[in-house]
Amino acid sequence: MEAVLSRNQLASSDFFRASERLRLIATDGHGEGLASVAGELIQAIHAFGLSELEARRGERLQALKLGAGTAREATRLRDAYNDKGLRTLKRARAHVKLFREELASYPDAKLGGELKEFQQELREQLAELEVSASDVAKIDSALADGFALVAKDATGLPDYLDQNLRELEKVRRSANRGAVENIPIWKIIAIVVAFGIWIWALFRCHWWGSCDLREGLAYFIVFWIAVLIARFC
């Protein structure tokens, strides 16, 4: 008999499947810091996503005045998942310190024209994302700082990751958890943090010949963004 999954289980399954390439990119065989950051980030985003699914469920129950006890349970789960995500972010930031130490021993790499080509590929893929023009422009603008940073070299990545992990934590601790607007701000920040890991594929290509990870990278990033947006309201 085919298994019947709940909405939360389907969302989790799709998100983890879409995140596999992100894990692969971060696991470079030369250090453990970035791989640990990626693993914790994926788990944190998953927890925040489930938190928002429970928040919407609780709001629907309250709006229809159905099952007060069930609505309270949805609110409890909303807060529990959010707290889990915040604890996971703290671990991710601790792993950024290890990544910073490891990065000091890696060779220099200037991406130059390759980065501009990749940015153009990514923007073309973003144009295919089924969201409003204002939302896709917001994502494109949010990624601009990341492109500007790695245009120099990889040494700024730890600060970039830590800064945006801090911002994501701040937003998720706010009263509305950053869960407003068509694409909530917490998702934009999560996308920005993940981008700092996705871009690692270009550096891997320079250093260790992992150029197969570069192929289709823009597509995989936008696919991951689409799953994040669609599966976790």
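Look a little higher up for the structure.
Residues numbered from 1 in each chain as written. Predicted model: local features only at pLDDT ≥ 70, side-chain atom pairs only at ≥ 80, totals over all residues. Heavy atoms only, no water.

## Observations regarding the environment of Ala47
Along the chain, Ala47 turns up in helix H3 (residues 33-63). When its relative accessible area of 2% is taken as the criterion, Ala47 is described as buried. Once the C-alpha coordinates of Ala47 and Lys84 are considered, the two residues, 37 residues apart in sequence, prove to be 6.4 Å apart. Leave out the neighbours within four places in its chain, and Ala47 touches Tyr81, Lys84 and Gly85. (Helix = DSSP H or I, 4+ residues; strand = E, 2+ residues; numbered from the N terminus. Buried < 20%, exposed > 50% of the residue type's maximum accessible area, 1.4 Å probe, protein only. Contact = heavy atoms within 4.5 Å.)

## Focus on helix H7 (residues 157-173)
In this model, H7 (17 residues) spans 24 Å end to end at C-alpha, consistent with the 24 Å of a helix rising 1.5 Å per residue. Along H7, the residues that are buried comprise Leu157, Pro158, Tyr160, Leu161, Asp162, Asn164, Leu165, Leu168, Glu169, Val171 and Arg172. Where H7 is buried, its residues contact H3, helix H4 (68-103), helix H6 (133-150), helix H8 (185-198) and helix H9 (200-208). (Expected span 1.5 Å × (residues − 1).)

## Describing the packing of helix H1 (residues 7-18) against helix H10 (residues 217-231)
Two elements in contact, H1 and H10, have axes whose closest approach is 9 Å; the angle formed by their N-to-C orientations is 165°. In this view, H1 runs roughly antiparallel relative to H10, as classed from their interaxial angle. Between H1 and H10 lies a crossing whose hand is left-handed. In contact with Leu10, Ala11, Asp14, Phe15 and Ala18 of H1, H10 contributes Phe223, Trp224, Val227, Leu228 and Arg231. (Axes fitted to C-alpha atoms, helices over the stretch in contact; angles between N-to-C directions. Parallel < 35°, antiparallel > 145°, perpendicular 65-115°, else oblique. Left-handed = near helix turned anticlockwise from the far one by under 90°.)

## Re the nonpolar core
One finds Ile139, Trp200 and Trp224 to be the most contacted residues of the largest nonpolar core, which totals 72 residues. Take this core: its biggest share by element is 11 residues, from H8. With sequence-adjacent residues up to four places away left out, Trp200 is seen in contact with Ile25, Asp28, Leu34, Phe99, Leu103, Tyr106, Ala154, Leu157, Trp207 and Trp208. (Core = buried A, V, L, I, M, F, W, Y, C linked by side-chain atoms within 4.5 Å.)

## Considerations on the packing of H8 against H10
Running from N to C, H8 and H10 cross one another at 155°; their axes reach a closest spacing of 11 Å. Taken together, the axes of H8 and H10 lie roughly antiparallel to each other. Crossing handedness for the pair H8 and H10: right-handed. Of the residues in H10, those in contact with Trp186, Lys187, Ala190, Ile191, Ala194 and Trp198 of H8 are Leu217, Phe220, Ile221, Trp224, Ile225, Leu228 and Ile229. A per-class count over the contact of H8 with H10 returns 12 nonpolar, no polar and one charged. (Nonpolar A, V, L, I, M, F, W, Y, C, P; charged D, E, K, R; others polar.)

## As for unusual backbone geometry
A positive phi angle is found at Lys65, which is not glycine, with a value near 55°. The topology assignment puts Lys65 in the loop between H3 and H4. Among the residues examined, Lys65 registers a relative accessible area of 75% and is labelled exposed. Its identity as a non-glycine residue notwithstanding, Arg177 has a phi of 60°, on the positive side. You can see Arg177 is positioned in the loop between H7 and H8.

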